[in-house]
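# Topology and contacts: notes
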Amino acid sequence: MVSPYLLEDQKSERLYFRKITPEDYQPWLPFYQNPVSTQYWDGLPENPEQACKEQFERIFERYEQHLGGMNALVLKTANELIGMCGLLIQTVDNVTELEIGYSVLPKYWRKGFAFEAAKKCRDYAFQNDLTESLISIIHVDNIPSQKVALKNKMQLDKTTTYKENPVHIFRVNK
């Protein structure tokens, strides 16, 4: 069964979406080796290798359980992994919703890739009638990710606690 939430083989202007594979671990490790990448999120392992390993385990678990998941973002011109973005089934405050999650390797920050990928996820979800609204769960101090959500036509819906972190829930309706 193919998950309707994965954007496998989808494309945006500069990016190609595919499933994450075990081979993506090494190219993704620099995300965790840069302390700025995870500065807003409490509860992650301090060891970059362990943090990356745990993320990959969660990604593959989501795939197996059909809970959506992160897609590898591959830069078309270089055919290299630059980030992850996807539609994730999440439960926040006892409500199950579809989230747009995104992360980009530090060397590709501030180039519009997170927005391009998040917009593609938004459009894909609505065009395929996967949901009536989408959220993004963003730490209250993570201004760069909040800017991506706002640019993606999302609005601040509420502030709550998620996995012991203070977060803003941004929402966009179909």
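Procedures and definitions
Residues numbered from 1 in each chain as written. Predicted model: local features only at pLDDT ≥ 70, side-chain atom pairs only at ≥ 80, totals over all residues. Heavy atoms only, no water. Core = buried A, V, L, I, M, F, W, Y, C linked by side-chain atoms within 4.5 Å. Buried < 20%, exposed > 50% of the residue type's maximum accessible area, 1.4 Å probe, protein only. Helix = DSSP H or I, 4+ residues; strand = E, 2+ residues; numbered from the N terminus. Contact = heavy atoms within 4.5 Å. Phe/Tyr/Trp six-rings, centres within 6.5 Å; stacked < 30°, edge-to-face > 60°. Lys NZ or Arg CZ within 6 Å of the ring centre and 35° of its normal. Pairing = 2+ DSSP bridges. Arc of directions from axis to C-beta.

## So, the nonpolar core
Soluble globular proteins: nonpolar side chains tend toward being buried together. Judged by nonpolar contacts, the single largest core of 49 residues is most densely connected at Leu-15, Trp-28, Leu-87, Ile-100, Tyr-102 and Leu-134. The leading source of residues in this core is helix α3 (residues 113-127), at 9 residues. Among the nonpolar cores identified, the runner-up in size contains 6 residues, and Ile-135, Tyr-162, Val-167 and Ile-169 belong to it.

## With respect to the environment of Ser-103
One can find Ser-103 in strand β4 (residues 95-104). Looking at Ser-103, the relative accessible area reads 17%, which means it is buried. In the structure, Ser-103 is positioned 14 residues away from Ala-117 in sequence and 9.6 Å away in space, judged by C-alpha atoms. Excluding residues within four positions of it along the chain, Ser-103 makes contact with Trp-28, Phe-31, Met-70, Gly-83 and Met-84.

## Some words on the packing of aromatic side chains
One pass over the structure, following the stated rule, counts 7 aromatic pairs. Centre to centre, the rings of Phe-56 and Phe-60 are 6.0 Å apart; their planes meet at 70°, and the pair counts as edge-to-face. Here Phe-56 pairs with Phe-60, and both are found in helix α2 (residues 48-65), just 4 residues apart, close to one helical turn. The exposure class of Phe-56 is buried, given its relative accessible area of 4%. By way of ring pairs, the aromatic residues Tyr-25, Phe-56, Phe-60 and Tyr-63 are connected into one cluster. A cation sits over an aromatic face here: Lys-19 above Tyr-63, 4.9 Å from the ring centre. Above the ring of Phe-115, the side-chain terminus of Lys-151 is found at 4.6 Å from the ring centroid.

## Focus on the pairing of strand β6 (residues 155-162)
Relative to strand β7 (residues 165-173), β6 is paired through 7 bridges, and the arrangement is antiparallel. Bridged to Thr-160 within β7 is Val-167. Counted between consecutive antiparallel strands, the loop separating β6 from β7 contains 2 residues, among which Lys-163 sits at a positive phi close to 50°.

## Describing helix α1 (residues 25-33)
Turning to α1, its buried residues number three or more, namely Tyr-25, Trp-28, Leu-29, Phe-31 and Tyr-32. Viewed along the axis of α1, the buried residues span an arc of 150°, placing them on a single side of the element. Close packing links the buried residues of α1 with α2, β3 (80-92) and β4.

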